[in-house]
Amino acid sequence: MLIRFGFEIIVDCPAPVPMLLALSTHTEFNGRLIGADYVRTTSMTPIGVYVDRYGNRISRAVADTGTTTFWSDCVAEVSGAPDTVPSFAIQHRIEDLPSATLGFLTASRYCDSDSLGNFAWANFGNTQEGWPRVQAICNFVHNHVTFGYKFGRPDKTARDVLEEKSGVCRDFAHLGVSLCRAMNIPARYASGYLGDIGVPDSGFDDFCAWFEVYLGGSWHTVDARYNVPRIGRILMVRGADAADVAMITSFGAYQLSSFRVWTTELEEGLSDQEIMALFETLPEPRPGGPDFGTALPGAVHLT
């Protein structure tokens, strides 16, 4: 399966603003990339790239005074298979877990699992350990939380999501991660592209957040917002929570004047040469989509 994916973000700055941009595919993304998946800009300052402790590729940029456009446009060749459902994946005892997973058992900035222990054990303590327990948590979050862009805010924790019963996709992921950690299941936050492939067209494209759990010796994808296996997921970032992977971390004030994403399935059989020709122009904007308003200084999470 061929998926064209990318974004265009336009910002206005009263003065030059240094930024960190978590907007590239992850170093462990296992699809084939056709074209160049890197952040490009109209700014005069060159962009640098480094890999953080979670394997995320982070771009270092400076947005000039006035209007700056950031964009990326690429094609990924992926299997086309839906997310795996590891029905028989076992839950490990703490003492048997790999050391690299232990950091995903404790509370983090947005995943305040330490305050959700009593709730988690009261509601999921009688579920079967392993994947059935994770699925029960996912079912709960999916049914408990109402999705809406108007419900998103940058300081919202998992406990807030539980109490307010609303949020954006990152809030679904934070609550799922927190409840899993409270039940001694390593869980981490993830985000990337997820187009409307194999499901009804929502009318616009966007980034999406989900989470991953460690069971049966490997990490598995869990999506509490949709709660069904999805096709065409393109991983961008991972971390303890969204604080580790803000799409835009700014060190100065700016206004977000335009934000759009595309994730489109292409027809089969296109040659690499035909695909490269597509990159001569960016896709046409689709009507509708979320209104993100004005971005403020600091870490801005757009999922």
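In case you missed it, the structure is sitting above this.
As the structure is a prediction and not an experimental result, all values here were calculated from the model. (Residues numbered from 1 in each chain as written. Predicted model: local features only at pLDDT ≥ 70, side-chain atom pairs only at ≥ 80, totals over all residues. Heavy atoms only, no water.)

Novice: Would you take a moment to explain the layout of surface pockets for this structure?
Specialist: One water molecule sets the probe size; rolling that probe over the atoms shows where empty space is left. The computed volume of the largest pocket comes to approximately 620 Å³. Lining of the largest pocket is provided by 25 residues; of these, Asn30, Asp83, Thr221, Arg233 and Leu235 occupy positions nearest its centre. Of all the elements in the fold, those that place two or more residues in the lining of the largest pocket are β11 (207-215), β12 (218-222) and β13 (234-239). Along the lines of polarity and charge, the residues of the lining of the largest pocket split into 9 nonpolar, 8 polar and 8 charged. (1 Å grid on protein atoms, 1.4 Å probe; cavity = no way out; pocket = protein on both sides within 12 Å on 5 of 7 lines; lining within 4 Å. Points joined across faces, edges and corners; volume = space filled by probe spheres on them. Helix = DSSP H or I, 4+ residues; strand = E, 2+ residues; numbered from the N terminus. Nonpolar A, V, L, I, M, F, W, Y, C, P; charged D, E, K, R; others polar.)

Novice: Could you clarify how one ought to interpret the sheet that holds β12 in this entry?
Specialist: Hydrogen bonds along the backbone pair up the strands of a sheet, which may run parallel or antiparallel. Spatially, the 4 strands line up as an open sheet ordered β12-β11-β10-β13, and their pairing is antiparallel. A single partner strand is all that each edge strand has here, and the edge strands are β12 and β13. Averaged over all adjacent pairs, the angle separating strand axes in this sheet is 35°, with direction ignored. Sheet analysis places strand β10 (residues 187-193) next to β11, joined by 7 bridges and oriented antiparallel. Paired with Ala187 across the two strands is Val213, which belongs to β11. Sheet contacts for helix α4 (residues 169-182): β10 and β11; angle to β11, the most-contacted strand, approximately 15°. (Pairing = 2+ DSSP bridges. Axes fitted to C-alpha atoms, helices over the stretch in contact; angles between N-to-C directions. Contact = heavy atoms within 4.5 Å.)

Novice: For this particular structure, what's the right way to read the packing of helix α1 (residues 117-124) against helix α2 (residues 131-144)?
Specialist: α2 packs onto α1 with a crossing angle of 110° between their chain directions and a minimal axis gap of 11 Å. Here α1 is positioned roughly perpendicular relative to α2, judged by the angle of their axes. Facing α1, whose interface residues are Phe119, Trp121 and Phe124, α2 presents Arg133, Ala136, Ile137 and Phe140. Class assignment of the residues belonging to the contact of α1 with α2 gives a composition of 6 nonpolar, no polar and 1 charged. (Parallel < 35°, antiparallel > 145°, perpendicular 65-115°, else oblique.)

Remember that the coordinates give geometry; whether it matters functionally is a separate question.
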